[in-house]
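Architecture at a glance
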2 protein chains.
Amino acid sequence: MKNMTQEPRNILSQHKVSITNPRIIVLDTLLDFGNPITVEELQSKLKGKVAKSTLYRVLNDLKKINILNEFTSPDNAVVVELILEEDSHHHHLFCSDCGEVIDVELSDEFEMMLVKEMEKVQKELHFEIKDHRVEMFGLCTDECSNCE
Amino acid sequence: MKNMTQEPRNILSQHKVSITNPRIIVLDTLLDFGNPITVEELQSKLKGKVAKSTLYRVLNDLKKINILNEFTSPDNAVVVELILEEDSHHHHLFCSDCGEVIDVELSDEFEMMLVKEMEKVQKELHFEIKDHRVEMFGLCTDECSNCE
DNA sequence: ACAATAAATGAGAATAAGTCTCATTTATTT
DNA sequence: AAATAAATGAGACTTATTCTCATTTATTGT
Ligand SMILES: [Mn+2]
Ligand SMILES: [Mn+2]
Ligand SMILES: [Zn+2]
Ligand SMILES: [Zn+2]
């Protein structure tokens, strides 16, 4: 049985934001793509359907309700991805050649060790750490549909 | 005895790029600041000394010879830092409040474990990983000179 | 040290990602 | 269905970065 929460209308109503066409279209596009995507690429997919200003507004709306993650690729492209309830904590791998961004889940042992490292840092630097991110850079080889 | 390689002129000649005033001034400013710095802040420090276009060109030059690291802070500010020979591999901590970026060295055990994780990922995803980055986000407390 | 040659610079124009404005449309509430 | 509040589209605006090109500065060979 398919998860109801994956429908744009449900996502929006769950977060108490009004259900509008541009929001549905943007969510649909992100869900359909299924991977982290460049704002540029997203814009081209939405060409003629959602105004540029609206796209940026919708992305901000999604960030505000914490269902959109935004980060910057090594070549300074802004990348966004939906944060779905079923998603687990993960990190990213960037191909320096084709620009693809790939989700990576690291082992629990690793994550636990990272938490311990962060606790050490918190104490040493008197810093309250709220979040972390691990990014890996390299080149995709035979599995890459873009840059084989 | 102070390390000769830390002098702008030496850094430049070691990397076989011509020794010019703007390059010396930019390197001096980065060395003097000693921490990761926002391009914006760097620009204000160089106001009247180095033209905006030249600053960007020099930063690109330094990136090309691999002595400048560039990354993006959570509020999308571009941050740069010199990579000096004496620097060891390290990561960064970002204060969401004042924007400060702090160098963090994580334990060797952690780094070794991360390498192992990367090896696993390489095999699973047929990806050749060249580099990695760990970023931590949070709030500085009593030690922060900017946002106490 | 000096001319010739190549490389780098400054000033400002051009580009483009992201924001803002405001008249109109759409959603929500009553 | 009317009233109210919120969101949208189109394009103007802002601003970080890149580009152009005439001038200056560095390097090389003599
Ligand atoms: Mn992801
Ligand atoms: Mn650093
Ligand atoms: Zn690739
Ligand atoms: Zn701070």
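Data block above holds the structure.
Described below are features of the structure shown in this document. All values derive from a computational prediction rather than experimental measurement.

Moving on, we get to the relation of the copies chain B and chain A. Aligned on chain A, chain B shows an RMSD of 0.2 Å; the corresponding rotation is 179° and the shift along the axis is 0.0 Å. Within this description, the copies of the chain are treated as partners about a two-fold rotation axis. Among all residues of chain B, the minimum C-alpha distance to the rotation axis is found for B:Val134, at 2.3 Å. Take the interface residues of chain B: 100% of them recur as interface residues in chain A, which is what a same-surface contact looks like.

Time to look at the coordination of the manganese ion (ligand 1). Around the manganese ion (ligand 1), the protein contributes the donor atoms A:Glu81 (OE), A:Glu81 (OE), A:His90 (NE2), A:His92 (NE2) and A:Asp103 (OD), at 1.9 to 2.7 Å from the metal centre. All donors to the manganese ion (ligand 1) come from one chain, and their sequence spacing reads E-x8-H-x1-H-x10-D.

Relative to the helices and strands, A:His132 is located in strand β6 (residues 127–140). With a relative accessible area of 12%, A:His132 lands in the buried category. A polar contact of 3.1 Å, which involves the side chain of A:His132, links it to the side chain of A:His89. Side chain to side chain, A:His132 and A:Glu111 meet in a polar contact 3.1 Å long. Not counting chain neighbours up to four residues away, the residues in contact with A:His132 comprise A:His89, A:His91, A:Glu111, A:Leu114, A:Met118, B:Glu135, B:Met136 and B:Phe137.

Residue and element names in this part refer to chain A. Direction of pairing for strand β4 (residues 91–95) relative to strand β5 (residues 101–104): antiparallel, over a ladder of 4 bridges. Paired with Phe94 across the strands is Val101, a residue of β5. The hairpin formed by β4 and β5 contains 5 residues between the paired strands, and Gly99 there has a positive phi angle of roughly 85°.

To continue, consider the pairing of β6(A). Summarising the sheet, β4(A) and β6(A) pair through 4 bridges and their orientation is parallel. The residue bridging A:Phe94 from the neighbouring strand is A:Phe137, located in β6(A). Examined bridge by bridge, β6(A) and strand β6 (residues 127–140) of chain B share 13 bridges and lie antiparallel to one another. Its bridge partner lying in β6(B), A:Met136 is registered against B:His132.

This brings us to the protein's contact with DNA strand D. Around DNA strand D lies a shell of 18 residues, among which A:Thr20, A:Arg23, A:Thr54, A:Arg57 and B:Tyr56 are the nearest. In DNA strand D, atoms within 4 Å of the protein come from the sugar-phosphate backbone in 61% of cases. Between a phosphate oxygen of DNA strand D and a side-chain N or O atom of A:Thr54, the distance comes to 2.6 Å. A:Arg57 places a polar side-chain atom, nitrogen or oxygen, 2.8 Å from a base nitrogen of DNA strand D. When contributions to the surface near DNA strand D are tallied by element, the ones reaching two or more residues are α2 (21–33) and α4 (52–64) of chain A together with α4 (52–64) of chain B. A breakdown of the residues in the surface near DNA strand D according to their chemical character gives 5 nonpolar, 7 polar and 6 charged.

For the rest of this paragraph, the subject is the coordination of the manganese ion (ligand 2). All names here are of chain B. Around the manganese ion (ligand 2), the protein supplies Glu81 (OE), Glu81 (OE), His90 (NE2), His92 (NE2) and Asp103 (OD) as donor atoms, at distances of 1.9 to 2.7 Å. For the manganese ion (ligand 2), the donor residues sit on a single chain with the sequence spacing E-x8-H-x1-H-x10-D. You can see His92 sitting in strand β4 (residues 91–95) and its partner Asp103 sitting in strand β5 (residues 101–104), a full 11 residues away along the chain. When its relative accessible area of 33% is taken as the criterion, Asp103 is described as partly exposed.

Our focus in this paragraph is the sheet that holds β4(B). A sheet is described by the order of its strands in space; here 6 strands give the open sequence β5(A)-β4(A)-β6(A)-β6(B)-β4(B)-β5(B), paired in mixed fashion. Among the strands making up the open sheet, the edge pair consists of β5 of chain A together with β5 of chain B. Adjacent strand axes in the sheet meet at a mean angle of 30°, parallel and antiparallel pairs treated alike. This element, helix α5 (residues 108–125) of chain B, spans β4, β5 and β6 of chain A together with β4 and β6 of chain B of the sheet and lies at about 130° to β6(B).

On to the sheet that holds strand β2 (residues 68–72) of chain A. Residues and elements named next belong to chain A. Read across the open sheet, the 3 strands follow the order β1-β3-β2; overall the sheet is antiparallel. Taken across any chain shown, the strands that pair with only one partner, and hence form the sheet edges, are β1 (37–38) and β2. In this structure, β2 lies alongside strand β3 (residues 78–82), joined through 5 bridges in antiparallel fashion. Within the sheet, the bridge partner assigned to Leu68 lies in β3 and is Leu82.

Turning to the protein's contact with DNA strand C, a few remarks are in order. Contacts to DNA strand C come from 17 residues, most closely from A:Lys52, A:Tyr56, B:Thr20, B:Thr54 and B:Arg57. The protein-proximal atoms of DNA strand C, defined as those within 4 Å of the protein, are 58% sugar or phosphate. Take A:Arg57: an N or O atom from its side chain is 3.5 Å from a base oxygen of DNA strand C. Here B:Arg23 contributes a side-chain N or O atom positioned 3.0 Å from a phosphate oxygen of DNA strand C. Among the elements of the structure, α4 of chain A together with α2 (21–33) and α4 of chain B are those that each provide at least two residues to the surface near DNA strand C. Classifying every residue of the surface near DNA strand C gives 5 nonpolar, 6 polar and 6 charged.

Conventions we followed
Residues numbered from 1 in each chain as written. Chains lettered and ligands numbered in written order. Predicted model: local features only at pLDDT ≥ 70, side-chain atom pairs only at ≥ 80, totals over all residues. Heavy atoms only, no water. Least-squares fit on C-alpha atoms with pLDDT ≥ 70 in both. Contact = heavy atoms within 4.5 Å. Donors = N, O, S within 2.8 Å, 3.2 Å for Na, K, Ca; no water. Helix = DSSP H or I, 4+ residues; strand = E, 2+ residues; numbered from the N terminus. Buried < 20%, exposed > 50% of the residue type's maximum accessible area, 1.4 Å probe, protein only. Polar contact = N/O pair within 3.5 Å; in protein donor to acceptor, adjacent residues only side chain to side chain. Pairing = 2+ DSSP bridges. Near = heavy atom within 4 Å. Nonpolar A, V, L, I, M, F, W, Y, C, P; charged D, E, K, R; others polar. Axes fitted to C-alpha atoms, helices over the stretch in contact; angles between N-to-C directions.

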